[in-house]
Each structure stands twice: as C-alpha cells, then as structure tokens.
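Structural description and commentary
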Amino acid sequence: MLAGSLVISAWGGPKRLVHGVLGFQFTCGLALICVGLAMSIPVLACVAFAFFFGLPIINGSSQAILQRTVPLAMRGRVFAVTSTITGAMLPLAYTVAGPLADHVFEPAMATGGALVPLLGAFLGEGPGRGIALMFFIAGALTLLVTLLSTLYRPLRELEAQPQEAPSAEPAVSP
C-alpha cells in the first residue's frame, strides 16, 4: 500500500480516473483469484503486493471523481455516506467470513468434502482450501462486477467531457 500510495502521489493518477478505478479493481480481482490458486509463500507475497499496491490508486481515483462531480455544499454528506458504507463492510465481512469458512467452505473442501469432486482437482483439498475457495469466489465476483461496470455507459463516460463540480447554489430566476 505504501508503494501504491507513493506512486499515485507522484503520478497523480491516470488521465481517465474511471479507467484507473476499473483497471486496478480488475487487477485486484485477479490477485484474489491467484490467492485461491497459489500454495507457495513467495507467490502469495507477490500476489498480496499486487493487490495492496492497487488499493491506493483505486481509492485516490474514486475520491478524485467524487470531488470533481459532487457539488461543494454536498461533499461532506456524500463523503460521510460513502465512508460509512465502506467502513461498515469490514466488520460485516469479518462477521460473515469466519462462520462461512469454519462451517461451510473448509468442511466442503476437506478431504472427502462435498465440493472436492467438483473443485478438488482445480483448488486442491484439505486444510486451507476452503479459505482458498472463498478468495477465489471473491476474486471472480470482483471481476464480474468490474466487467459489468465497464458495460455501463454512464460510468464509462463519466469523464468524457471534463467539467467543474456543479454549483450547490440553485439558479436564481429573474
């Protein structure tokens, strides 16, 4: 993350910020899939570096998009809502991931588990392979959402015509 933060600070981000968000989000999805497939510490370290390198670029680019498009008088509210939603996801993920890992995915990928005939040859079986499946699914969902987002024209064209953030004051009619 430190390297990604230094790069985005020095670089200033991609010319089309939406492309930066989607491109690095796609990379992070691929990294999550690789975490599910990898069984080597050096490979996992490289994948973790790629994942965490992209986060500051995604965050910086999306923050810049919001600052350019949200009226000044509404930025505090918009940033508060986005921060609240984002911040609420981490405890929710921790709350859901533990029981899913312990009671669903690990037993399903244990030797002789229900998903081993379907996924065992691909992801392996035994201890830790349930968590690997969770990472694989998270990466696949990230790729799917990213690809679907690229098909959404208003998002793709968000920066097509550079503009100042709209004024918060209503137009005065004579």
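Notes on the structure in this doc start here. Note that the structure is predicted; figures quoted are calculated from it, not measured.

**Observations concerning the overall build of the protein chain**
Helices and strands together make up the secondary structure of the protein chain, namely 7 helices and 0 strands. Starting at the N terminus and walking to the C terminus, you meet the elements of the protein chain as α-α-α-α-α-α-α. At 20 Å, the protein chain has a C-alpha radius of gyration far larger than the 16 Å of a compact globule built from 174 residues. For the protein chain, the C-alpha atoms occupy an extent of roughly 75 × 30 × 30 Å along the three principal directions. Within the span of the protein chain, comprising 174 residues, buried residues form 28% of the whole. Accessible area of the protein chain: about 11,100 Å², with a carbon and sulfur share of 72%. Counting 8 positive and 7 negative side-chain charges, the protein chain places the averaged centre of each group 11 Å from the other.

**Some words on the environment of L151**
Take L151: it is sitting in the loop between α6 (129–150) and α7 (153–156). The spacing of L151 and A93 is 58 residues in sequence and 27 Å in space, taken between C-alpha atoms.

**Comments concerning the nonpolar core**
Grouped together as the largest cluster of nonpolar side chains are 9 residues: I33, A101, F105, M109, L123, L133, M134, F136 and L143. Counting only elements with at least two residues in this core, the list comes to α4 (75–109) and α6. Residue contributions to this core peak at 4 residues, all from α6. Apart from residues no more than four positions distant in its own chain, F105 is found in contact with L100, G130, L133, M134 and I137.

**Thoughts on helix α3 (residues 41–69)**
For α3, built from 29 residues, the straight-helix expectation of 42 Å at 1.5 Å per residue is met to within 8% by its first-to-last C-alpha distance of 42 Å. Those residues of α3 that fall on the buried side of the exposure criterion are V47, G54, P56, I57, I58, S61, A64 and I65.

**Regarding the packing of helix α2 (residues 17–37) against α3**
Taken N-terminus to C-terminus, the directions of α2 and α3 make an angle of 155°; their axes are 8 Å apart at the nearest point. In terms of their interaxial angle, α2 and α3 are classed as roughly antiparallel. At the point where α2 passes α3, the crossing takes the left-handed sense.

**Here's the deal with the environment of P56**
Take P56: it is sitting in helix α3. Overall, P56 belongs to the buried group, its relative accessible area being 10%. Note: C-alpha distance between P56 and V21 (35 residues apart in sequence) is 9.9 Å. Not counting residues up to four positions away in its chain, the partners in contact with P56 are M1, G4, S5 and I8.

**Focus: the side chain of R129**
Within the secondary structure layout, R129 lies in helix α6. E106 is the oppositely charged side chain nearest to the buried, salt-bridge-free R129, at an N-O distance of 7.2 Å. Separated by 2.8 Å, the side chain of R129 and the backbone oxygen of G36 make a polar contact. If we skip the residues at most four places from it in the chain, R129 touches G36, A38, M39, E106, M109, L123 and G124.

**Focus: a nonpolar patch on the surface**
Residues V81, I85, M89, L92, V96, L100 and V104 make up a contiguous nonpolar surface patch of about 570 Å² in total accessible area. For V81, the location among the structural elements is in helix α4.

**Here's the deal with the environment of V18**
Within the element layout of this structure, V18 appears in helix α2. Beyond its immediate stretch of four places on either side in the chain, V18 contacts I65, L155, L158 and E159.

**Comments concerning the side chain of S61**
Here S61 shows up in helix α3. Not counting the four nearest positions on each side in its chain, S61 is found in contact with I8, P14, L17 and V21.

Rules used in this analysis
Residues numbered from 1 in each chain as written. Predicted model: local features only at pLDDT ≥ 70, side-chain atom pairs only at ≥ 80, totals over all residues. Heavy atoms only, no water. Helix = DSSP H or I, 4+ residues; strand = E, 2+ residues; numbered from the N terminus. Rg over C-alpha atoms; globule rule 2.2 N^0.38 Å. Buried < 20%, exposed > 50% of the residue type's maximum accessible area, 1.4 Å probe, protein only. Areas by Shrake-Rupley, 256 points an atom, 1.4 Å probe, with all protein chains shown as cover. Lys, Arg positive; Asp, Glu negative; His and termini not counted. Charge placed at Lys NZ, Arg CZ, Asp CG, Glu CD. Core = buried A, V, L, I, M, F, W, Y, C linked by side-chain atoms within 4.5 Å. Contact = heavy atoms within 4.5 Å. Expected span 1.5 Å × (residues − 1). Axes fitted to C-alpha atoms, helices over the stretch in contact; angles between N-to-C directions. Parallel < 35°, antiparallel > 145°, perpendicular 65-115°, else oblique. Left-handed = near helix turned anticlockwise from the far one by under 90°. Salt bridge = Lys/Arg side-chain N within 4 Å of Asp/Glu carboxyl O. Polar contact = N/O pair within 3.5 Å; in protein donor to acceptor, adjacent residues only side chain to side chain. Patch = residues over 30% accessible without salt bridge, like charges linked within 9 Å, V, L, I, M, F, W, Y side chains within 5 Å.

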